[in-house]
Amino acid sequence: MEKICIIGAGNLGVAIARGVVRAGLLKADQVILTRRNPDKLAAMQQEGFVVTDNNKDAVQQSSMIILCIQPKQTAGVVAEIASGLHAHHHILVSTVTGVSTTEISVQLGDRPIPVVRAMPNTAIAIAQSMTCICAHQATTEQVNQVINLFEALGKTLVVEERLMRASTVLAASGIAFFMRFMRATTQGGIQLGFDAEDAMCIAAQTARGAAMLLQENHSHPELEIDRVTTPEGCTIEGLNEMEHQGLSSAIIKGLVASHDKINSIRK
Ligand SMILES: NC(=O)c1ccc[n+]([C@@H]2O[C@H](COP(=O)([O-])OP(=O)(O)OC[C@H]3O[C@@H](n4cnc5c(N)ncnc54)[C@H](OP(=O)(O)O)[C@@H]3O)[C@@H](O)[C@H]2O)c1
């Protein structure tokens, strides 16, 4: 890839830009960032990124175009850049929540432009994203190009498009859900006598250790729970109390509510 452009360099767009440079995939001057108020990207410009408010120019100079705009802005931006996109030269990657590849293709006038949807999360800024990917009218080579970019920024999983909404809930919103769990753990730790900083340090490192036990040992949560729950011990006492209060049920209901909400996001 010679250059990529990120159309809509807000929270996610800036995180992707910094991530690809930190991972050594591209130099900052190979990443073009656009937004309507480019003055808000002055710090990025100082870091060497190319900053502009001209989406068409950015597309013309790039082989991969990553859309990081809000859902309601998508139709207008796609219409604006459509005539500058060419099937043999461009890959259009959309991170936009709730907008399908078919909708984007229709907005492109049903031309055979490869469209890839990617659903990362904000941990992309530290190369620890979970990014789910699905593609439309793209060759294996083109999909691999997108996978390679996001693999440098964490883990990727290619999914069927019908699972993209579920991917949004589990991976993108998932950051907020796990954060809330760790905040609650921190608050509990404070009640048990730790100061806030120490309680959060313990909560975050314990969460990281739990996740790595699953990833590195290819273990199962229930097996790891069995290992720490002594009969009549304090862990099973606490765990069962959390379940009596509806922990698993609350999490599953929250995920389903979040999934239902995506449908109405653009209304
Ligand atoms: N944040 C996440 O964790 C996350 C994760 C996965 C997917 N997503 C999806 O990614 C998309 C972006 O999310 P975000 O949190 O980064 O939103 P955001 O911070 O609001 O960024 C959107 C950016 O788009 C720019 N923009 C709006 N219209 C534009 C136009 N016509 N041309 C160029 N730029 C334009 C805005 O800047 P100006 O107003 O200056 O133009 C803004 O900086 C959303 O669809 C979201 O659902 C987000």
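Up top you'll find the structure we're talking about.
Quick notes on the rules
- Residues numbered from 1 in each chain as written.
- Predicted model: local features only at pLDDT ≥ 70, side-chain atom pairs only at ≥ 80, totals over all residues.
- Heavy atoms only, no water.
- Helix = DSSP H or I, 4+ residues; strand = E, 2+ residues; numbered from the N terminus.
- Expected span 1.5 Å × (residues − 1).
- Buried < 20%, exposed > 50% of the residue type's maximum accessible area, 1.4 Å probe, protein only.
- Salt bridge = Lys/Arg side-chain N within 4 Å of Asp/Glu carboxyl O.
- Near = heavy atom within 4 Å.
- Polar contact = N/O pair within 3.5 Å; in protein donor to acceptor, adjacent residues only side chain to side chain.
- Areas by Shrake-Rupley, 256 points an atom, 1.4 Å probe, with all protein chains shown as cover.
- 1 Å grid on protein atoms, 1.4 Å probe; cavity = no way out; pocket = protein on both sides within 12 Å on 5 of 7 lines; lining within 4 Å.
- Sits in = over half its atoms within 2 Å of the grid points.
- Nonpolar A, V, L, I, M, F, W, Y, C, P; charged D, E, K, R; others polar.
- Core = buried A, V, L, I, M, F, W, Y, C linked by side-chain atoms within 4.5 Å.
- Contact = heavy atoms within 4.5 Å.
- Pairing = 2+ DSSP bridges.
- Axes fitted to C-alpha atoms, helices over the stretch in contact; angles between N-to-C directions.

K.L.:
Explain the environment of Ala210 residue by residue, including any values.
P.N.:
Among the structural elements, Ala210 can be located in helix H9 (residues 196–217). Note: C-alpha distance between Ala210 and Thr186 (24 residues apart in sequence) is 16 Å.

K.L.:
Explain helix H1 (residues 11–22) residue by residue, including any values.
P.N.:
Along its twelve residues, H1 runs 17 Å from first to last C-alpha, staying within 8% of the 16 Å computed at 1.5 Å per residue. What H1 keeps buried is the set Gly13, Val14, Ala15, Ile16, Ala17, Gly19 and Val20.

K.L.:
Can you lay out the pattern of salt bridges for me, pointing to particular residues and giving the numbers?
P.N.:
Opposite charge on two side chains allows them to pair when their charged atoms are near. All chains considered together, the criterion is met by four salt bridges. The salt bridge partner of Arg117 is Glu161, with a shortest N-O separation of 2.8 Å. Taken together, the residues Arg117 in strand E6 (residues 115–119) and Glu161 in the loop between strand E8 (154–158) and helix H7 (164–172) connect sequence positions 44 residues apart. The exposure class assigned to Arg117 is buried, which follows from its relative accessible area of 5%. Here Glu161 falls in the partly exposed class, since its relative accessible area comes to 25%.

K.L.:
Account for the site of the ligand, naming residues and giving values.
P.N.:
Around the ligand, the structure places 23 residues, and the nearest of them are Leu12, Arg35, Arg36, Ile69 and Thr97. Take Arg35: an N or O atom from its side chain is 2.7 Å from an oxygen atom of the ligand. When isolated, the ligand has an accessible area of 890 Å², and the protein chains bury 84% of it. More than half of the atoms of the ligand fall within 2 Å of the grid points belonging to the second largest pocket. Elements that contribute at least two residues to the shell around the ligand include exactly H1 and helix H4 (71–81). It is H4 that contributes the most residues to the shell around the ligand, three residues altogether. A class-by-class count of the residues in the shell around the ligand yields ten nonpolar, eleven polar and two charged.

K.L.:
Could you give an account of the nonpolar core, with specific residues and numbers?
P.N.:
Counting residues in each nonpolar core, the largest one holds 31 residues, and the members touching the most others are Val31, Leu33, Ile66 and Phe150. Elements that contribute at least two residues to this core include exactly strand E1 (4–7), H1, strand E2 (31–34), strand E4 (64–67), strand E5 (91–94), E6 and helix H6 (140–151). Once you skip the residues sitting within four places of it in the chain, Ile66 turns out to touch Ile4, Cys5, Ile6, Ile7, Ile16, Val93, Thr95 and Leu149. Core analysis: the next-biggest nonpolar cluster, separate from the first, contains 20 residues, Cys5, Ile69, Val99 and Ile113 among them.

K.L.:
Summarise the environment of Ala199; cite the residues concerned and give the values.
P.N.:
Inspection of the secondary structure assignment puts Ala199 in helix H9. For Ala199, a relative accessible area of 5% gives the class buried. In this structure Ala199 touches Thr186, Gly189, Ile190 and Phe194, once residues within four positions along its chain are discounted.

K.L.:
Kindly report on the pairing of E4, identifying the contributing residues and their values.
P.N.:
Burial along E4 is two-sided: the residues Met64 and Ile66 and Ile65 and Leu67 are all buried. As defined by bridge partners, E1 adjoins E4 across four bridges and the pair is classed as parallel. Looking at E4, one finds that Ile4 is bridged to Met64. Examined bridge by bridge, E4 and E5 share four bridges and lie parallel to one another.

K.L.:
A description of the sheet that holds strand E7 (residues 129–136) should follow, citing residues and the corresponding values.
P.N.:
In spatial order, the strands read E3-E2-E1-E4-E5-E6-E7-E8; together these eight strands make up an open sheet with mixed pairing. For this open sheet the edge positions go to strand E3 (50–52) and E8, each flanked by a neighbour on one side alone. On average, each strand axis in the sheet is inclined to that of its neighbour by 25°, with strand direction left out of account. Contacts from H6 reach E1, E4, E5, E6, E7 and E8 within the one sheet, and its direction differs from that of E8 by about 150°. Against the sheet, H7 touches E6 and E7, its axis set at about 35° to E6.

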